[in-house]
Amino acid sequence: ATTGHLNVEISKALWSLSSPTIDQKQLPDLKGTLSLQETTTAFDLTLAKPRENESLSASGTYGILSSNYKGTLDVQLPDTEWLQPFQTFESPPWRTTSSLALTWTGKGAIRTKRHEGSAEIKDLTLTPIDDPGITILTLTANYDWPKSINILSLSAHNGDLWLDGGIQWSDNRLSTPVLRL
């Protein structure tokens with residue numbers, strides 16, 4: 001029998017993905033790095049050829065033995081055209097239009113199913129498929145799963161109709177401390 005300890009280390013391997021498609025729809029080119037240090041993997045990715053006022057960056061780490069992760073995502077899109085292939089509904093009731101600003105930061109443990117983080121969406125424009133009206137959505141939220149999800153700020157407006165408020169889910173109970181229509 002053979003025994004021993006295998007030590008693998010990859011320090012900042014560069015990668016790129018050119019001309020990716022989903023359902024025959026073109027997505028932007030991506031590039032990034034990947035590393036492996038003992039039992040921890042790390043990555044980062046960005047748009048390879050960002051357009052003016054466009055950025056996408058993601059980074060993260062994952063502990064192979066612990067199943068702990070940590071990550072960030074920052075998206076600034078002047079238009080959301082290339083997000084269309086990610087809509088998983090066969091006939092979605094809405095489609096994203098116009099610009100998008102999204103940030104997410106999170107950490108957790110896959111094995112224990114604990115997850116914490118925060119997210120912010122600024123001025124996401126949604127257009128109903130069968131209606132020319134548009135809805136602008138802004139959201140700030142944090143979560144400590146499985147204990148709670150807090151939508152600290154939610155704003156949606158469609159023409160003269162405005163909805164502002166917050167929603168909290170904790171102890172299997174949903175509450176709306178503030179809601180204005």
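Just above sits the structure.
Residues numbered from 1 in each chain as written. Predicted model: local features only at pLDDT ≥ 70, side-chain atom pairs only at ≥ 80, totals over all residues. Heavy atoms only, no water.

## Some words on the overall build of the chain
Then comes step 1: A tally of helices and strands in the chain yields 0 helices and 14 strands.
Then comes step 2: When the helices and strands of the chain are listed from N to C terminus, the series reads β-β-β-β-β-β-β-β-β-β-β-β-β-β.
Then comes step 3: Its C-alpha atoms give the chain a radius of gyration of 20 Å, more than 25% over the compact-globule value 16 Å for 181 residues.
Then comes step 4: In terms of overall dimensions, the chain has C-alpha extents of about 75 × 45 × 30 Å along its principal axes.
Then comes step 5: The buried share of the chain, taken over its 181 residues, is 29%.
Then comes step 6: Contacts spanning at least 24 positions in sequence make up 33% of the contacts within the chain whose residues lie at least 6 apart.
Then comes step 7: When the accessible surface of the chain is split by element, carbon and sulfur atoms take 57% of a total near 12,300 Å². (Helix = DSSP H or I, 4+ residues; strand = E, 2+ residues; numbered from the N terminus. Rg over C-alpha atoms; globule rule 2.2 N^0.38 Å. Buried < 20%, exposed > 50% of the residue type's maximum accessible area, 1.4 Å probe, protein only. Contact = heavy atoms within 4.5 Å. Areas by Shrake-Rupley, 256 points an atom, 1.4 Å probe, with all protein chains shown as cover.)

## Some words on the nonpolar core
Then comes step 1: Formed by 15 residues in total, the largest nonpolar core has its most connected members in Leu-56, Trp-82 and Leu-100.
Then comes step 2: Looking at this core, the elements with two or more residues in it are strand S5 (40-47), strand S6 (55-63), strand S7 (68-77) and strand S10 (114-128).
Then comes step 3: Ranked by residues supplied to this core, first place goes to S10 with 3 residues.
Then comes step 4: Those residues in contact with Trp-82 that sit more than four places away from it in its chain are Gln-26, Leu-27, Pro-28, Leu-47, Arg-51, Glu-54, Leu-56 and Leu-77. (Core = buried A, V, L, I, M, F, W, Y, C linked by side-chain atoms within 4.5 Å.)

## As for the pairing of S7
Then comes step 1: Of the pairings in the sheet, the one linking S6 to S7 comprises 8 bridges and is antiparallel in character. Following the sheet pairing, Ser-59 is matched in S7 by Thr-72. (Pairing = 2+ DSSP bridges.)

## What about the packing of aromatic side chains?
Then comes step 1: Within the structure shown, the criterion is met by 1 aromatic pair.
Then comes step 2: Considering the side-chain rings of Trp-145 and Trp-169, the 5.3 Å spacing of their centres and the 20° angle between planes classify their relative orientation as stacked. Taken together, the residues span a long stretch of sequence, with Trp-145 in strand S11 (residues 135-145) and Trp-169 in strand S13 (residues 161-170) at a distance of 24 residues. (Phe/Tyr/Trp six-rings, centres within 6.5 Å; stacked < 30°, edge-to-face > 60°.)

## Quick notes on the environment of Ser-11
Then comes step 1: Note on placement: Ser-11 falls in strand S1 (residues 9-17).
Then comes step 2: Residue class for Ser-11 comes out exposed when judged on its relative accessible area of 54%.

## Here we look at the side chain of Thr-125
Then comes step 1: Considering the arrangement of structural elements, one finds Thr-125 in strand S10.
Then comes step 2: In this structure, Thr-125 is in contact with Arg-95, Thr-96, Thr-97, Ser-98, Ser-99, Ile-134, Thr-135 and Ile-136, ignoring residues within four places of it in sequence.

## Considerations on the pattern of salt bridges
Then comes step 1: Going through the model one piece at a time under the given rule, you end up with 5 salt bridges.
Then comes step 2: Between Lys-49 and Asp-29 there is a salt bridge, and its shortest N-O distance comes to 3.3 Å. Here Asp-29 lies in the loop between strand S3 (25-26) and strand S4 (30-37) and Lys-49 lies in the loop between S5 and S6, a separation of 20 residues in the sequence.
Then comes step 3: Overlapping salt bridges, with partners in common, bring together Arg-51, Glu-54 and Asp-79 in one network. (Salt bridge = Lys/Arg side-chain N within 4 Å of Asp/Glu carboxyl O.)

## Here we look at a nonpolar patch on the surface
Then comes step 1: A cluster of nonpolar side chains, namely Tyr-62, Ile-64, Leu-65 and Ile-110, defines an oily patch on the protein surface of about 370 Å² accessible area.
Then comes step 2: You can see Tyr-62 is positioned in strand S6. (Patch = residues over 30% accessible without salt bridge, like charges linked within 9 Å, V, L, I, M, F, W, Y side chains within 5 Å.)

## Considerations on the side chain of Ser-155
Then comes step 1: Among the secondary structure elements, Ser-155 is positioned in strand S12 (residues 148-158).
Then comes step 2: In this structure the side chain of Ser-155 is engaged in a polar contact, spanning 2.9 Å, whose partner is the side chain of Asp-164.
Then comes step 3: Not counting the four nearest positions on each side in its chain, Ser-155 is found in contact with Ile-136, Leu-137, Thr-138, Trp-162, Leu-163 and Asp-164. (Polar contact = N/O pair within 3.5 Å; in protein donor to acceptor, adjacent residues only side chain to side chain.)

## Points about the pairing of S4
In summary, the side chains of a regular strand alternate between the two faces of the sheet.
Then comes step 1: One ladder, built from 7 bridges, connects S1 with S4; its direction is antiparallel. Bridged to Trp-15 within S4 is Gly-32.
Then comes step 2: As consecutive antiparallel partners, S4 and S5 are separated by 2 residues, and within that stretch Glu-38 has a phi angle of approximately 55°, a positive value.

Shape is all these values report; function is a separate question.
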